[in-house]
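Per-entry structural report
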Amino acid sequence: MRLATMAGLHGIPRVGCRSASSFSRRLLNGEVDSKALYPFPSSSAEEKERVSAVVKSVEAVFSSGHSERDLLKGLLQAHTSAGGIPAEHGGIGASAAGQARIVECIGERGLSSMLSVFSNELGFKALLLAGSEEQKAKYLPALVDGSKTAAFCLTEESAGSDASGVRTTAVESEDGEWFTLQGTKQWVVNGSTADFFTVFAQTAVVKDGTKRNRLSAFFVERTAGVKTVRTHEVAGLDGVQCVEITFDNVRVPKSSLVGDAGRGYSLQLETLSSMQFKVAAGLVGGQKALLSVCTEHASTREQFRRKLRELPLIKQRLALMALRLYACESSLYLAASSQPEGGLWIESALVKVLTSQAAVDSGNDALHIVGSRGIETSAVSKYVRDVDAFRFVGGTQEIASLFFSLSGLETAGKELKSKSTSRIMLDRTKRTLGLNAPSEGAHPSLRSASRQLDSTVSQLGAAIENVLVKYGKKITDEQIAVLRVAEAFALVYSMAACISRASKSAFANTSSHQHESVLANTWCKHCVERLAPIIASLKNLYKTNDSNLGRVADHVAAVGSYIPTHPYDL
């Protein structure tokens, strides 16, 4: 008899969504796959040359003094949206890492510009993933050279994180040659000027003899029926056009359908998944610029007859900013190396969640470093206003965390189901006694960190097993536990990425290798301290404070306001 079946694990639901690289699969089961982790990945010299040319063009655009209105046009003409377009269609055909490098360069010079460029590519990503060769040949050349732009139209009043709430319809004509679009889309970046739109709408699809509404994707050209009805007023993100668009009886040919009818739901997930890397890459660039501003301020500003950089509390904040940046950058490029085009991947959501939270935390540190200058018009205040939005771009922080965590739990659950009771007990004993083979490949200067990684991964594997056995098929209802798994997995992944990268730098004897070893060792120790209470709570699910938090929330929601008697009236 299998222990997993006894515990009801056979009912783990398919979140259906994200696959994991072999390294992540092993990590979720309490093992470090040394062959997949070492050496840290690198791109080919040929790709680096092509990507470098785009990066230089980006730098030239920002140096040319373009107005906000002309900046996007200049960036698109620099082929910034061509990274993922195959060479046969005039693009660069870069890997995920190469595409990330381009967006990182833009993000370093402005998060607003990064969002505009990112959103343009988002507007035609579905075409790359599922479009016909005829569609690609017709539309991609103008998108490559920047003469035309595109926008992504998914969100509606009734459809935010849950895309199944889309109410826009596409009604097929009797002869089957046309569709008529009717509906309103919100939060469309570049929507007021875009030439093309990827629009998600409900269509009637016959399945098993029954007609049902299913989400489909259309690539739509701007016509008279496409109207901008209002502009969303946002805090920050200067220069970004974010609008609400109505499609009022817009008649489009059947050839505008992207992929098969009814494939829209999975296609929008694939589109957003593939673009989460871009969000992470842009925020890595933004953090680099922020750190430069803060170090310059801390090196020139004096208080109490000392440079700010000499004060212990400022040192701590600068260090945390550098550590987060190194962890995010390392995780981004480790993850990018294992991602094929299309599909849904745990790592894409993981790096987006890790990086967007780190970017917000570093913005908070920056405010403390620059003081009152952070609330006047400055690079720091602009960054802080802009960066918060990216916790929602490409999916909210919580939804993205739930997706990759549940997908990871599904992966771990399958592995657990395949084991006999005796094998499960043997694995537990080996973890408890520390008998698992140590991972190999780390540089000698990072062996202590590598041992910390092995121990922490083993503990995480045991904690995940405990969660699966306790909750079984009800795991999707336990969002707090699932989010704890997400946070733990992201931290462990970042530890592994830092050790691998710093080891490669050390073996190559780069000019920065000693500093990188300090960064990796320090980050790993920092993560171990953060992970201890998280893993403990996953191992002792009955001892958490979650039920009390739920009671407080229920009380407040029922009354609709703050409940306690004012202390002045006691």
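Here, the structure is the one placed above.
Residues numbered from 1 in each chain as written. Predicted model: local features only at pLDDT ≥ 70, side-chain atom pairs only at ≥ 80, totals over all residues. Heavy atoms only, no water.

Looking at the side chain of S216
- Within the element layout of this structure, S216 appears in strand β5 (residues 210-221).
- In terms of polar contacts, S216 uses its side chain to reach the side chain of T203, at 2.6 Å.
- Side-chain polar atoms of S216 contact the backbone nitrogen of G262, separated by 2.7 Å.
- The contact partners of S216, leaving out residues within four places of it in the chain, are V199, F200, A201, T203, L257, A261, G262 and G264. (Helix = DSSP H or I, 4+ residues; strand = E, 2+ residues; numbered from the N terminus. Polar contact = N/O pair within 3.5 Å; in protein donor to acceptor, adjacent residues only side chain to side chain. Contact = heavy atoms within 4.5 Å.)

Notes on the packing of aromatic side chains
- Per the counting criterion, the structure on display carries nine aromatic pairs.
- Relative to F200, the ring of F152 has its centre 5.4 Å away and its plane inclined at 65°; by these criteria the two rings are edge-to-face. Note that F152 is positioned in strand β1 (residues 150-153) and F200 in strand β4 (residues 196-207), a separation of 48 residues in sequence. No difference in accessibility class separates F152 from F200, as the two residues are buried.
- An aromatic cluster of at least three residues, connected via ring pairs, comprises F23, F404, F489 and Y493.
- The ring centre of W178 lies 4.0 Å from the NZ or CZ of R251, which sits over that ring. (Phe/Tyr/Trp six-rings, centres within 6.5 Å; stacked < 30°, edge-to-face > 60°. Buried < 20%, exposed > 50% of the residue type's maximum accessible area, 1.4 Å probe, protein only. Lys NZ or Arg CZ within 6 Å of the ring centre and 35° of its normal.)

Comments concerning the pattern of salt bridges
- A full pass over the atoms with the stated rule returns 26 salt bridges.
- When the shortest N-O distance is used, the salt bridge between R109 and E59 registers 3.3 Å. Residue R109 is located in helix α6 (residues 96-109), and its partner E59 is located in helix α4 (residues 45-63); the two are separated by 50 residues in the primary sequence.
- Under the relative-accessibility criterion, R109 is labelled partly exposed at 34%.
- K288 is the partner of E104 in a salt bridge, and the nearest nitrogen-oxygen pair spans 2.5 Å. With E104 in helix α6 and K288 in helix α9 (residues 264-300), this residue pair connects regions lying 184 residues apart in the sequence.
- Of the residues examined, E104 reaches a relative accessible area of 2% and is grouped as buried.
- K288 sits in the partly exposed class, given a relative accessible area of 23%.
- A cluster of three or more residues bridged by salt bridges with shared partners is formed by R101, E104, K288, E329, R501 and E516. (Salt bridge = Lys/Arg side-chain N within 4 Å of Asp/Glu carboxyl O.)

Focus: the pairing of strand β3 (residues 178-189)
- Examined bridge by bridge, strand β2 (residues 169-172) and β3 share four bridges and lie antiparallel to one another. By the bridge assignment for β3, E172 is matched with F179.
- Here β2 hands over to β3 after five residues, with G176 in that stretch at a positive phi of 75°.
- Where β3 and strand β7 (residues 242-253) come together, nine bridges link them in antiparallel fashion. (Pairing = 2+ DSSP bridges.)

Section: the nonpolar core
- Among the nonpolar cores identified, the biggest contains 147 residues, and F390 and L453 are the most heavily contacted of them.
- The element that contributes the greatest number of residues to this core is helix α16 (residues 479-507), accounting for 16 residues.
- In this structure, F197, V243, I245 and V250 belong to the second largest nonpolar core, which totals 19 residues. (Core = buried A, V, L, I, M, F, W, Y, C linked by side-chain atoms within 4.5 Å.)

As for the packing of helix α10 (residues 312-336) against helix α17 (residues 513-539)
- Taken N-terminus to C-terminus, the directions of α10 and α17 make an angle of 95°; their axes are 10 Å apart at the nearest point. Classified by the interaxial angle, the pair formed by α10 and α17 is roughly perpendicular. Taken together, the residues of α17 that come into contact with α10 (itself represented by L320, A322, L323, R324, Y326 and A327) are E516, L519, A520, T522, W523 and H526.
- Split into classes, the residues belonging to the contact of α10 with α17 amount to eight nonpolar, two polar and two charged. (Axes fitted to C-alpha atoms, helices over the stretch in contact; angles between N-to-C directions. Parallel < 35°, antiparallel > 145°, perpendicular 65-115°, else oblique. Nonpolar A, V, L, I, M, F, W, Y, C, P; charged D, E, K, R; others polar.)

Describing the packing of α9 against helix α12 (residues 379-387)
- Look at α9 against α12: their axes get within 10 Å of each other, and the N-to-C directions meet at 155°. Put simply, α9 runs roughly antiparallel to α12. For the pair α9 and α12, the crossing hand works out as left-handed. Where α9 abuts α12, its residues L283, G286, Q287, L290 and V293 lie against A379, V380, Y383 and V387. (Left-handed = near helix turned anticlockwise from the far one by under 90°.)

Describing helix α8 (residues 133-144)
- Spanning 12 residues, α8 covers 16 Å between terminal C-alpha atoms, matching the ideal 16 Å at 1.5 Å per step.
- Every buried residue of α8 is listed here: Q135, K136, Y139, L140, A142, L143 and V144. (Expected span 1.5 Å × (residues − 1).)

Side note on the pairing of β4
- Summarising burial for β4: nine of the 12 residues are buried, a large majority.
- In terms of strand pairing, β1 meets β4 through four bridges, oriented parallel. When the sheet's bridge partners are listed, F152 is paired in β4 with T198.
- With 12 bridges joining them, β4 and β5 adopt antiparallel strand pairing. By the bridge assignment, V199 is partnered in β5 with F218.
- The hairpin turn running from β4 into β5, its antiparallel successor, is two residues long, and D208 in that turn takes a positive phi close to 55°.

Notes on unusual backbone geometry
- Note the cis peptide between Y38 and P39, where omega equals -10°.
- Structurally, the position occupied by P39 is in the loop between α3 (34-37) and α4.
- Backbone geometry places W187, a non-glycine residue, at a positive phi of 55°.
- In this structure, W187 sits in strand β3.
- On the basis of relative accessible area, W187 is assigned to the partly exposed category, the value being 43%.
- With phi around 55°, F304 is a residue other than glycine that occupies positive phi space.
- Here F304 lies in the loop between β9 (302-303) and β10 (306-307).

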